[in-house]
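Observations on the model geometry
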Amino acid sequence: MKKVLVFLIALLSVVSVNASMKTDTKNIKIENVKVEVSEHVGYNEELKIKYSINPRDAKNLELNWEISGLKNGVKATFVNGKTTKEADGEVVLKVENTLDKDVKLTIKATQNKKTYFTKELVVETKNNTVERVTKEVNGLIEELDEKLNNKNYESNKEIVDSIEELLEKNPEVKDKISSDLLVKYDNAKASVDNYKDNKNVIIGVSVGLAVVFSGLMFWIFKKEEK
């Protein structure tokens, strides 16, 4: 009888713990939302806003994104919608400022009227954007290593990719860069591309040799078995 009672008590304890855990899981709420976004936005930019919800297993992951502060001459459009439903994701905001002064906009992420994230963005004029990006590109080019090797390839490639992206978004900037820096950038880009191609060739040759060697060993073993 005692064994039966002990078994029933243990069983009830397990059921109670499981029930409480299920209840807690169902009631998990968002604690905060981590967002990565630049404070300064270009006059004609597609801004990518990366977010991450904590905890990831919250019952309701839906967030509504809002932008305020708009006026005549300033546009802001959510390219992939104003609502997200994943624990991690990206909101894309297309911004355009045709005025001759910087404009402040506020972006927010809410759920059921509760705000989990808010930040003020400065949407620049065309002149201010070109000036800022020119400084960024100059600084990045100066960081490039003249001589490419195994140790600095990844960092050089990352810098080259960043410069390329900035110049694609802001083609006017290229005319603002000095000829010396442009030559340095072009040389670095060519070196990165050549290094990547050579690396792929080496990998391809190595894989090919490995296949040939494996086939040869298989043939030798088969021959010895006969």
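Notes on the structure follow. These numbers were taken from a predicted model, which means no experiment stands behind them.

Scoring rules and cut-offs
- Residues numbered from 1 in each chain as written.
- Predicted model: local features only at pLDDT ≥ 70, side-chain atom pairs only at ≥ 80, totals over all residues.
- Heavy atoms only, no water.
- Salt bridge = Lys/Arg side-chain N within 4 Å of Asp/Glu carboxyl O.
- Helix = DSSP H or I, 4+ residues; strand = E, 2+ residues; numbered from the N terminus.
- Buried < 20%, exposed > 50% of the residue type's maximum accessible area, 1.4 Å probe, protein only.
- Axes fitted to C-alpha atoms, helices over the stretch in contact; angles between N-to-C directions.
- Parallel < 35°, antiparallel > 145°, perpendicular 65-115°, else oblique.
- Left-handed = near helix turned anticlockwise from the far one by under 90°.
- Contact = heavy atoms within 4.5 Å.
- Nonpolar A, V, L, I, M, F, W, Y, C, P; charged D, E, K, R; others polar.
- 1 Å grid on protein atoms, 1.4 Å probe; cavity = no way out; pocket = protein on both sides within 12 Å on 5 of 7 lines; lining within 4 Å.
- Points joined across faces, edges and corners; volume = space filled by probe spheres on them.
- Expected span 1.5 Å × (residues − 1).
- Arc of directions from axis to C-beta.

As for the pattern of salt bridges
Summed over the entire model, instances satisfying the criterion amount to 10 salt bridges. The residue lysine 169 makes a salt bridge to glutamate 165 at a minimum N-O spacing of 3.4 Å. Of this pair, lysine 169 and glutamate 165 both sit in helix H3 (residues 153–169), four residues apart, which is roughly one turn of the helix. A relative accessible area of 42% places glutamate 165 in the partly exposed class. Residue aspartate 193 pairs with lysine 189 through a salt bridge whose shortest N-O separation is 3.4 Å.

Here's the deal with the packing of helix H2 (residues 126–143) against H3
It is the contact of H2 with H3, at a shortest axis distance of 10 Å, that shows an interaxial angle of 155°. Taken as axis vectors, H2 and H3 run roughly antiparallel relative to one another. The chirality of how H2 crosses H3 is left-handed. Residue-level inspection shows Val133, Glu136, Val137, Leu140, Ile141 and Glu143 of H2 in contact with H3, the latter providing Ile159, Ser162, Ile163, Leu166 and Leu167. Of the residues assigned to the contact of H2 with H3, the class counts are eight nonpolar, one polar and two charged.

So, the layout of surface pockets
When its volume is computed, the largest pocket comes out at roughly 450 Å³. For the largest pocket, the lining is made up of 21 residues, of which Glu45, Leu47, Glu165, Leu166 and Lys169 are closest to its centre. Breaking the lining of the largest pocket down by element, the ones donating at least two residues are strand E3 (44–54), H2 and H3. Among the elements that make up the lining of the largest pocket, the one with the highest residue count is H3 (six residues). Here the lining of the largest pocket is composed, by residue class, of four nonpolar, seven polar and 10 charged.

Comments concerning H3
With 17 residues, H3 ought to run about 24 Å at 1.5 Å a step, and its terminal C-alpha atoms sit 24 Å apart, in line with that. Looking at H3, one finds that the buried residues are Tyr153, Asn156, Ile159, Val160, Ile163, Leu166 and Leu167. Within H3, the buried residues cover an arc of 160° as seen down the axis, which keeps them to one side. Of the residues in H3, the exposed ones pointing more than 90 degrees away from the buried face are Glu158 and Glu168.

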